[in-house]
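Chain residues, written in single-letter form:
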Amino acid sequence: MSDDGGVKRKITAASARAHTRKNDPKPTLSPGTIKNILLVLLVGCLALAYQAIQPPPPKICGSPGGPPITAPRIKLSDGRHLAYKEHGVPKEKAKHKFIYVHGFDSYRVHAVVASELSQETIETLGIYIVSFDRPGYGESDPNPKRTVKSMALDIEELADRLGLDEKFYVIGFSMGGQVIWSCLQYIPHRLAGATLLAPVVNYWWSGLPSDLVKQAYTLQPRPDQWALRVAHHAPWLTHWWNTQKWFPGSSVIAHNPENLSHQDKEIMARILFSRKDNRAPARQQGEYESLHRDMIVGFRKWEFCPTNITNPFPNIEGTVHLWQGDEDRLVPEILQRYITQRLPWVNYHEIPGAGHMFPYVSGMSDKIIKAQLSIES
């Protein structure tokens, strides 16, 4: 008992420590420390994001660890190399010389006009065709500085290095067809004639009416609409967008069969059966400098619009032809119609029931070449 009549309580060491802890102030972070932690986290997240969007370096042909060089190549004035393949009669005996520009996700061996052209037409008309790997495709060196104009200048230099005539013909298919507009704009003085086969349309060309563009754009699969928006508005995200796994990237890169018309599916079945569609070498240096660079250059803002190109043959010394299938699910024919209406000097050939792959139809290559040479089929 205590002196005041209360109960005497024994205080242990443990309870004393607990009592003391309750009265200790809790440790807190100063505003400056919290700010520094958040800054470190932000920098870390940005570093991870930057790392994620950076494309891997290309595997240059002939470099250590890179693919071997198997094709003949010419060296350009800037030190890059272009690989090429010759078709038809020897160029020394040729009466008509063509440069063929391949499409998206393909390379020099996919020169459809050359491979499908009849031997009779080749020999009778003396046709020589050279196809080449566009920069970053096949065995041609990548060009990180590639522009719409640089492609036309590459073609001009290729012609000079191979010793072609002062004037030559150009033919381009799909994405390669888009390149022909560049030739008509930048090297018209070197052209004997030009043919565009289902050329890809840039939906941001300044000369196209917005209502027509909107109508054509909505015909594209939604993943492709987004992939093209990224290539145009945020090109630095193009590689990440088409390689991430969270949502669909370009269906064209994925070779979605839904992009093919009925005729296209029949043609592709025949090509695959004959094993003519080996696309692996097209991407062997990396997808960024081939496929993704194609998208960036093809769909960014151009220095000109094809609808404003001046007739390169005012004296009818040459002709320009544009061929398009009316069931093409990759390139809307409504935009081709508008462009050719604005350019009355372009001979427009719309093929009923044809899809994007119509150049592979039997006999079509002969018609295309003969039309270019103004020879009746």
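Presented here is an overview of the structure given in this document. Computed from a prediction, not measured in an experiment: that's the story for all the values here.

With respect to the sheet that holds strand β6 (residues 191-197)
Phase 1: Read across the sheet, 8 strands follow the order β1-β2-β4-β3-β5-β6-β7-β8 without closing on themselves; strand pairing throughout is mixed. Across the chains shown, the open sheet's two edge strands, defined by having one partner strand only, are β1 (73-75) and β8 (346-351). Direction aside, neighbouring strands of the sheet carry axes that sit 25 degrees apart on average.
Phase 2: Across the sheet, helix α12 (residues 333-342) is in contact with β7 (320-325) and β8; its angle to β8 comes to roughly 155 degrees.

Points about the packing of aromatic side chains
Phase 1: For the structure on display, the rule yields 11 aromatic pairs.
Phase 2: The interplanar angle of 85 degrees and the centroid separation of 5.6 Å between the aromatic rings of Y186 and F304 together place this pair among those described as edge-to-face. Of the two residues, Y186 sits in helix α6 (residues 175-186) while F304 sits in the loop between α11 (288-299) and β7, which places them 118 residues apart along the sequence. For the residue pair Y186 and F304, the accessibility class agrees, reading buried in each case.
Phase 3: Taken together through their ring pairs, the aromatic side chains of W226, W240, W241, W246 and F247 make up a single cluster.

Some details on the side chain of E333
Phase 1: Here E333 is to be found in helix α12.
Phase 2: Under the relative-accessibility criterion, E333 is labelled buried at 16%.
Phase 3: Once residues lying within four places of it in the same chain are set aside, the contact partners of E333 are Q324, G325, D326, Y348 and E350.

Some words on the packing of helix α7 (residues 210-217) against α12
How two helices pack is summed up by the angle between their axes together with the distance between the axes.
Phase 1: Contact geometry of α7 with α12 gives a least axis separation of 9 Å together with a crossing angle of 150 degrees. Here α7 lies roughly antiparallel to α12, going by the angle between them. Counted together, L212, V213, Q215 and A216 of α7 and I334, L335 and Y338 of α12 form the full contact between these two elements.
Phase 2: When its residues are assigned to classes, the contact of α7 with α12 shows 6 nonpolar, 1 polar and no charged.

Quick notes on the environment of L125
Phase 1: Within the secondary structure layout, L125 lies in helix α4 (residues 119-125).
Phase 2: For the pair formed by L125 and K370, sequence separation is 245 residues and the distance between their alpha carbons is 9.0 Å.

Examining the pairing of strand β5 (residues 168-173)
Phase 1: Counting buried positions along β5 yields 6 of 6 residues, so the element is predominantly enclosed.
Phase 2: Of the two faces of β5, the one lined by F168, V170 and G172 and the one lined by Y169, I171 and F173 are each fully buried.
Phase 3: Where β5 and β6 come together, 6 bridges link them in parallel fashion. Along β6, the bridge assignment pairs I171 with T195.

Rules used throughout
Each chain has its residues counted from 1, following the order in which its sequence is written. A pLDDT threshold of at least 70 governs which residues receive local features in this predicted model, and a stricter bar of 80 or more applies before side-chain atom pairs are shown or counted, although totals over entire chains, interfaces and linings include all residues. As a convention, hydrogens and water are excluded, and side-chain values are obtained from all of the structure's heavy atoms. DSSP-based pairing: two strands are paired if at least 2 bridges between them are found. Under the scheme used here, helices are H or I runs from DSSP no shorter than 4 residues and strands are E runs no shorter than 2 residues, and both carry numbers assigned from the N terminus. Orientation is described by lines fitted to C-alpha atoms, with helices fitted over the stretch in contact, and by angles between N-to-C directions that extend from 0 to 180 degrees. We call two residues in contact when some of their heavy atoms are within 4.5 Å. Stacked, edge-to-face and tilted labels apply to pairs of Phe, Tyr and Trp rings (six-membered ring for Trp) whose centres lie within 6.5 Å, assigned for plane angles under 30 degrees, over 60, and everything in between, in that order. Exposure categories follow from relative accessible area, calculated using a 1.4 Å probe and restricted to protein chains: below 20% of the type maximum is buried, above 50% is exposed, and the middle band is partly exposed. An angle below 35 degrees is read as roughly parallel, one above 145 as roughly antiparallel, one from 65 to 115 as roughly perpendicular, and any other as oblique. Just so you know the grouping, Ala, Val, Leu, Ile, Met, Phe, Trp, Tyr, Cys and Pro go in nonpolar, Asp, Glu, Lys and Arg go in charged, and all remaining residues, Gly too, go in polar.

On their own, these measurements won't tell you what the molecule is for.
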